[in-house]
Amino acid sequence: MTDEPAPLDLTETSPLDPAEKVDLWRQRFFEAQAAAEEFILGEHGEEGLAAWIQANSRITAELLRAQRPAGVSATDHFMTRLRRQLLLYDSAVTSEPQPSGTVLRNADCGILRYRKRAARDGVVLTFPSPCPYCQELNTAIAARYVEPGVTVSCEQVGDGCTWRAESPHSPEEDAVGSPHRGRAGD
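From a predicted model like this one, the values you see are computed outputs, not experimental measurements.

## Quick word on the nonpolar core
Counting 32 residues, the largest nonpolar core has F78, L86, L104, V152 and W163 as its most contacted members. Of all elements in the fold, only α1 (18-67), α2 (74-88), α3 (110-120), α4 (131-145) and β4 (160-166) reach the threshold of two or more residues within this core. Contacts of F78, omitting those with residues within four sequence positions, involve L64, N138, I141, A142, Y145, V146 and V152.

## Quick look at the pairing of β4
For β4, the tally of buried residues reaches five of seven residues, placing the bulk of the element in the interior. Of the strand pairs in this sheet, strand β3 (residues 151-157) and β4 are connected by seven bridges, and their pairing is antiparallel. Paired with V157 across the two strands is G160, which belongs to β4. From the end of β3 to the start of β4, which pair antiparallel, there are two residues, and G158 there has a positive phi angle of about 60 degrees.

## Quick look at the packing of α2 against α4
Close contact between α2 and α4 brings their axes to 10 Å; oriented N to C, the two are set at 160 degrees. On the basis of the axis angle, α2 is roughly antiparallel to α4. In this structure, the crossing between α2 and α4 has a hand that is right-handed. In this structure, α2 uses A74, H77, F78, R81, L82 and Q85 to contact α4, whose residues at the interface are N138, I141, A142 and Y145.

## Some details on the packing of α1 against α2
The interhelical angle for the contact between α1 and α2, taken along N-to-C directions, is 135 degrees, at an axis separation of 10 Å. With respect to α2, the axis of α1 lies oblique. When you trace α1 past α2, the crossing you get is right-handed. Contact with α1, carried on its side by R26, T60, L64 and Q67, involves H77, F78, R81 and L88 of α2 and no other residues of that element. Broken down by class, the residue content of the contact of α1 with α2 amounts to three nonpolar, three polar and two charged.

Cut-offs applied
- Residues numbered from 1 in each chain as written.
- Predicted model: local features only at pLDDT ≥ 70, side-chain atom pairs only at ≥ 80, totals over all residues.
- Heavy atoms only, no water.
- Core = buried A, V, L, I, M, F, W, Y, C linked by side-chain atoms within 4.5 Å.
- Buried < 20%, exposed > 50% of the residue type's maximum accessible area, 1.4 Å probe, protein only.
- Helix = DSSP H or I, 4+ residues; strand = E, 2+ residues; numbered from the N terminus.
- Contact = heavy atoms within 4.5 Å.
- Pairing = 2+ DSSP bridges.
- Axes fitted to C-alpha atoms, helices over the stretch in contact; angles between N-to-C directions.
- Parallel < 35°, antiparallel > 145°, perpendicular 65-115°, else oblique.
- Left-handed = near helix turned anticlockwise from the far one by under 90°.
- Nonpolar A, V, L, I, M, F, W, Y, C, P; charged D, E, K, R; others polar.

What follows is the structure, given as structure tokens:
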């Protein structure tokens, strides 16, 4: 009798349970993203990465315009997308409406946690931290997508971050013509 593992049965056709599917999609996305980043940095350096972020932000902003539900502002749609993206990785996220806009607090970033686990498992990471890339990409998407006059910013806080979408308008102005209420043609 040997201690060798049993051969893998490749004929098994039982479906994955939902949690296994989520984990597999995360892993595949992570692998594809890491491969693209490695290729771009290796072939084109930091300038290529900056061009990648600009192309990615343009494509994503165009998709968001096409997908925005009627009656939802671009800013609210962007912040909801960001929140859902963070929740996809089981981040500890809360969203708070403020008089000047929305604050999204990511107390424990699941993307960062996922990457740390991948590094412990031997995955070679392109970046020491995903945070600067994530912040640069998402602020570039916001700059192309949210309403004029709305500023989207991010501050690193431990293993998380705080995103703000703010408008310089007063609450009274917002009630009349809020950029958070959306504008025709956006």
